[in-house]
Amino acid sequence: MDLIYMCFGVFCTIGLSILGWRILNWVWLRPRKLEEILRKQGFRGNPYKIFFGDIRELVKMLAEVKLKPIGLADDILPRVVPGDVHTVEKHGKNSFVWLGPRPLVYLMDPDLIKEVLNKSNQFQKVKGGSPLTKLLATGLVFYEGEKWAKHRKIINPAFHVDRLKSMLPAMYLSCSDIMNEWEKMVSADGQCEVDVYHYLENLTSDVISRTAFGSSYREGRKIFQLQREQSDHIIKVSQSIYIPGMRLLPTKRHKRMKEIAKEVRIIVRSIIDKRLREIKEGKTNQGDLLGILLDSNSREIEQHENNKSFGMTIDEVIEECKLFYFAGQETTSNTLVWAMILLGQHQDWQKRAREEVLQAFGENKPDLDGLNRLKVVNMILLEALRLYPPVAAVARSINEESKLGDTTLPKGVILQIPVLLLHHDVQLWGDDAKQFNPGRFSEGVGKVTKGKASYLPFGWGPRICIGQNFAMLEAKMAMAMILQRFSFVISPSYTHAPHTIITLQPQHGAHLILQSVQS
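Residues numbered from 1 in each chain as written. Predicted model: local features only at pLDDT ≥ 70, side-chain atom pairs only at ≥ 80, totals over all residues. Heavy atoms only, no water.

**Student:** Explanation requested: the sheet that holds strand E12 (residues 511-516) in the structure shown.
**Tutor:** Consider a sheet: its strands pair through backbone hydrogen bonds, and that pairing is either parallel or antiparallel. Within the open sheet, the three strands sit side by side as E4-E12-E9. Their pairing is antiparallel. Every other strand in the sheet has two partners, leaving strand E4 (191-195) and strand E9 (486-490) as the edge strands with one partner each. Averaged over all neighbouring strand pairs, the angle between strand axes comes to 30 degrees, with direction disregarded. Across five bridges, E4 lies against E12 in antiparallel orientation. Note on E12: the bridge partner recorded for Val194 is Leu512. (Pairing = 2+ DSSP bridges. Helix = DSSP H or I, 4+ residues; strand = E, 2+ residues; numbered from the N terminus. Axes fitted to C-alpha atoms, helices over the stretch in contact; angles between N-to-C directions.)

**Student:** When you look at the packing of helix H2 (residues 55-65) against helix H4 (residues 82-91) in this model, what are you seeing that I'm missing?
**Tutor:** Any two packed helices are characterised by the angle at which their axes cross and by the distance between the axes. Contact geometry for H2 and H4: axes closest at 8 Å, N-to-C directions at 120 degrees. When the axis of H2 is compared with that of H4, the two are oblique. In this structure, H2 contributes Leu58, Met61, Leu62 and Val65 to the contact, and H4 contributes Pro82, Gly83 and His86. Looking at side-chain class alone, the contact of H2 with H4 contains five nonpolar, two polar and no charged residues. (Parallel < 35°, antiparallel > 145°, perpendicular 65-115°, else oblique. Contact = heavy atoms within 4.5 Å. Nonpolar A, V, L, I, M, F, W, Y, C, P; charged D, E, K, R; others polar.)

**Student:** I keep staring at the packing of helix H7 (residues 161-186) against helix H19 (residues 468-485) and nothing clicks. Help me out?
**Tutor:** Where H7 meets H19, the closest approach of the two axes is 10 Å, and the angle between their N-to-C directions is 35 degrees. Helix-helix and strand crossings are classified by hand; for H7 and H19 the assignment is right-handed. Along its contact with H7, which presents Leu164, Met167, Leu168, Met171, Tyr172, Cys175, Ser176, Met179, Asn180, Trp182 and Glu183, the element H19 presents Asn469, Phe470, Leu473, Glu474, Met477, Ala478, Met481, Ile482 and Arg485. Class assignment of the residues belonging to the contact of H7 with H19 gives a composition of 14 nonpolar, three polar and three charged. (Left-handed = near helix turned anticlockwise from the far one by under 90°.)

**Student:** Would you take a moment to explain the pattern of salt bridges for this structure?
**Tutor:** It is possible for side chains of opposite charge to pair when their charged atoms get near one another. The full count for this structure, using the stated rule, is 26 salt bridges. For Arg210, the salt bridge is made with Asp177, and the minimal N-O distance between the two is 3.3 Å. In this pair, Arg210 sits in helix H8 (residues 196-213) while Asp177 sits in helix H7, placing the two residues 33 residues apart along the sequence. Residue class for Arg210 comes out buried when judged on its relative accessible area of 18%. According to the relative accessible area criterion, Asp177 is partly exposed, its value standing at 30%. Here Arg440 and Asp432 are joined by a salt bridge, their closest N and O atoms 3.3 Å apart. Residue Arg440 is classed as buried on the basis of its relative accessible area, which comes to 12%. (Salt bridge = Lys/Arg side-chain N within 4 Å of Asp/Glu carboxyl O. Buried < 20%, exposed > 50% of the residue type's maximum accessible area, 1.4 Å probe, protein only.)

**Student:** Help me out: how do you make sense of the packing of aromatic side chains in this one?
**Tutor:** Applying the stated criterion across every chain yields a total of 14 aromatic pairs. Among the aromatic residues, ring-to-ring pairing joins Trp28, Tyr48, Phe96 and Trp98 into one connected group. Positioned above the aromatic ring of Phe52 is the side chain of Arg56, whose terminal nitrogen or guanidinium carbon lies 3.8 Å from the ring centre. Note that Lys147 overlies the ring of Tyr143, its terminal NZ or CZ placed 4.4 Å from the centroid. (Phe/Tyr/Trp six-rings, centres within 6.5 Å; stacked < 30°, edge-to-face > 60°. Lys NZ or Arg CZ within 6 Å of the ring centre and 35° of its normal.)

**Student:** Looking at this structure, I do not really get the environment of Leu135. What am I missing?
**Tutor:** Relative to the helices and strands, Leu135 resides in the loop between helix H5 (110-118) and helix H6 (145-155). You can call Leu135 buried: its relative accessible area is 18%. Each C-alpha atom of the pair Leu135 and Asp406 lies 39 Å from the other, and the pair is 271 residues apart in sequence.

**Student:** Whenever I open this one, the nonpolar core confuses me. Can you help?
**Tutor:** As a rule of thumb, nonpolar side chains are buried together in soluble globular proteins. The biggest cluster of nonpolar side chains holds 134 residues, and the ones touching the most others in it are Trp182, Val196, Leu200, Met340, Leu415, Phe470 and Leu514. Other than its neighbours up to four places away in sequence, Leu200 contacts Trp182, Ser333, Leu336, Val337, Met340 and Ile482. Counting residues in each nonpolar core, the second largest holds seven residues, with Leu135, Val237, Met257 and Ala261 among its members. (Core = buried A, V, L, I, M, F, W, Y, C linked by side-chain atoms within 4.5 Å.)

**Student:** Sorry, what's going on with H6 here?
**Tutor:** Turn by turn, an α-helix covers 3.6 residues, leaving residues three or four places apart pointing in a common direction. Along H6, the residues classified as buried are Trp148, His151, Arg152, Ile154 and Ile155. Taken down its axis, H6 places every buried residue within 165 degrees of arc, on the same side. Contacts made by the buried residues of H6 are with helix H11 (289-303) and helix H12 (314-345). (Arc of directions from axis to C-beta.)

**Student:** Teacher, can you tell me more about the state of the cysteines here?
**Tutor:** Such a bond, covalent and formed between the sulfur atoms of two cysteines, is termed a disulfide. Under the criterion given, the structure shown has zero disulfides. Left unpaired, Cys175 is separated from the closest cysteine sulfur, that of Cys465, by 19 Å. Given the relative accessible area of 1%, Cys175 is considered buried. Of all cysteine sulfurs in the structure, the one in Cys465 sits closest to Cys321, which takes part in no disulfide; the separation is 16 Å. Relative accessible area serves as the criterion here: at 0%, Cys321 is assigned to the buried category. (Disulfide = S-S within 2.5 Å.)

**Student:** Would you take a moment to explain the sheet that holds strand E1 (residues 44-45) for this structure?
**Tutor:** The five strands are arranged E1-E2-E3-E8-E5 in an open sheet whose pairing can be described as mixed. One side of each edge strand has no neighbouring strand; the edge strands of this open sheet are E1 and strand E5 (394-397). Two strands pair when backbone bridges link them, and strand E3 (residues 102-106) and strand E8 (residues 414-417) are joined in this way by three bridges, in the parallel orientation. In the strand pairing of E8, Tyr106 is matched with Gln416.

**Student:** Explain unusual backbone geometry to me, please; I cannot follow it from the model alone.
**Tutor:** Trans peptide bonds make up most of the peptide bonds, and negative phi angles are found at most residues other than glycine. The backbone of Lys450 shows a phi angle near 55 degrees, a positive value even though the residue is not glycine. Within the fold, Lys450 resides in the loop between helix H18 (445-449) and H19. Take Lys450: its relative accessible area is 68%, and that puts it in the exposed class. Positioned with a positive phi, Ile502 is a non-glycine residue whose angle comes to about 70 degrees. Looking at the element boundaries, Ile502 is found in the loop between strand E10 (498-501) and strand E11 (503-506). Residue Ile502 is classed as partly exposed on the basis of its relative accessible area, which comes to 27%.

Encoded structure:
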C-alpha cells in the first residue's frame, strides 16, 4: 500500500511539474524568446509584461477615446484605433504589441501584405481565442485549406453576375420601402431630420432577408436583432485576455450569448427546412442565395456519386446563412452611412452624383446597365470605403517559422494588417490621404494603388470577399435611389464618433437633414 501511495505521489509530482513548466513557458519563457527574436530583426515594442502584456493599456485607451466625440475635420485614427496609432508613433512602422503572451507585429509594407494575403495556406486566420466568438457565425470566412476551397466552390454560383442581376428587384423593393418612409417624414414641410443609420441598417437587413432567404425583413428581422446583440457581446469579450477555459464559465453574458446562438440557429434552420420541403415538392428555385446554395450543394454531392463528404452538411449551410446575414447586412449599411455623412459634408460631390443619377435614370427605376455606368457614384463609394473601411484591421497567424521579406518570423507571432492605417497613410495616398477626394479613383483602383496591396476594404488575393460585387451593387442601387429623391446635409445635432463594434460604425447614429429634391 505504501508503494502505491508513493507511486501516486511521484506521478502527481511529475504531472504538476509538467503543468508548471508549460505554464511558465506559456507566460514567460516563450514570450521572452519571441521578443528577443523580434528585436534582433529590428522590430520595436514595449518590454513584455507577464501574462497581460499590453492589453490593459490598449483597452484603457479605447475606453477613454470612446467617451469623447471628434470634429468632422479631425483625424479619425486616434479615436478608432488609438492603440495602433500610439504604437506606430512610439516605435515606428516595424513595431509590435503584446496581446497577453503573444506578440502582434504590424505589417504596413504593401508588398509584404500582398505576399501574406496571396499565400493564404501559409499565413492563415488566427485560431484559438474565445470559443464564444464563433457563436456569431463561422462559415467560409473562417475556414482554411480544403474545407475553405470546397465551400468557396459551392457558394461561388450564388454571386455570379447573372445571379446578381436577378436579385435587383429585391434590392429595389427594399430601397423603395425606406424611401417611402423618408418621403412621408419629409412631406410636411419639405425637410426633416433623420437618423439615417437606423434606416440603412433596416434597408440592408431587408435586402439580405429577401435576397438570401426569400423572406421580408419583418420575417427575418429577429435574426438581425439577435446578431446585432451578439456583436456587442463579442466585442466586450474580446477586450479581455484570453485564458483557455475561462470564457466557458457560465457567466450571465456567456449564457446570453449561447441563448442568442441557439435562437438564431432555430430561425435559420426553420427557413432551410421549409426550403428543403419546397424542393422535395418540386417547387421552382426562388433564385435567392439560399436556393442557389442548396442547388449548388446538391449538384456537388451528385457529381461525386452522392458522397456527402464532398458537399456541405445542414449545419454548415446554417453557418453560411448566418454569415450571409451578418456580413451582407453589416458591411453594406456601414458603407452607405459613411457615404451619406461624407456627401452631407461635401455638397459639390453630392450635386455631381445626383446629376449623374438623374441623367442615367431620371425618375425611373435603376437598372443593372445604368448602375454599372455610374462612375461618380462608384468613385464616392470607393472613397468612403477607403476612409471608413468596414474592418479596421486583418490578422494572420504564423503557425510555423516563416520567411517574409528580409525577416524570419517565428511560430506564435500574430501579423496585423492595419487596414485603416494603410488607407490613411500619406506615403501611400499623398498629402490628401485623410481628406475626401473621390477623384483619386477616376481611373480605377488599380491606377491609384499601382497594383500595391494598399486598398483592402474587401481583402486581397484568393480570399478576397466573395460578396464584394453583391455589396457594391446594393450600395449603388441604394445611393442612386436616395439621390433621385433627396438632398441632405449634416444636422447640427450630429455627433461625429466613429468606432468599431466588429465593423466601423457611427457610435451616436447619423443625423442628417433630408430635403425632397422636388420641393
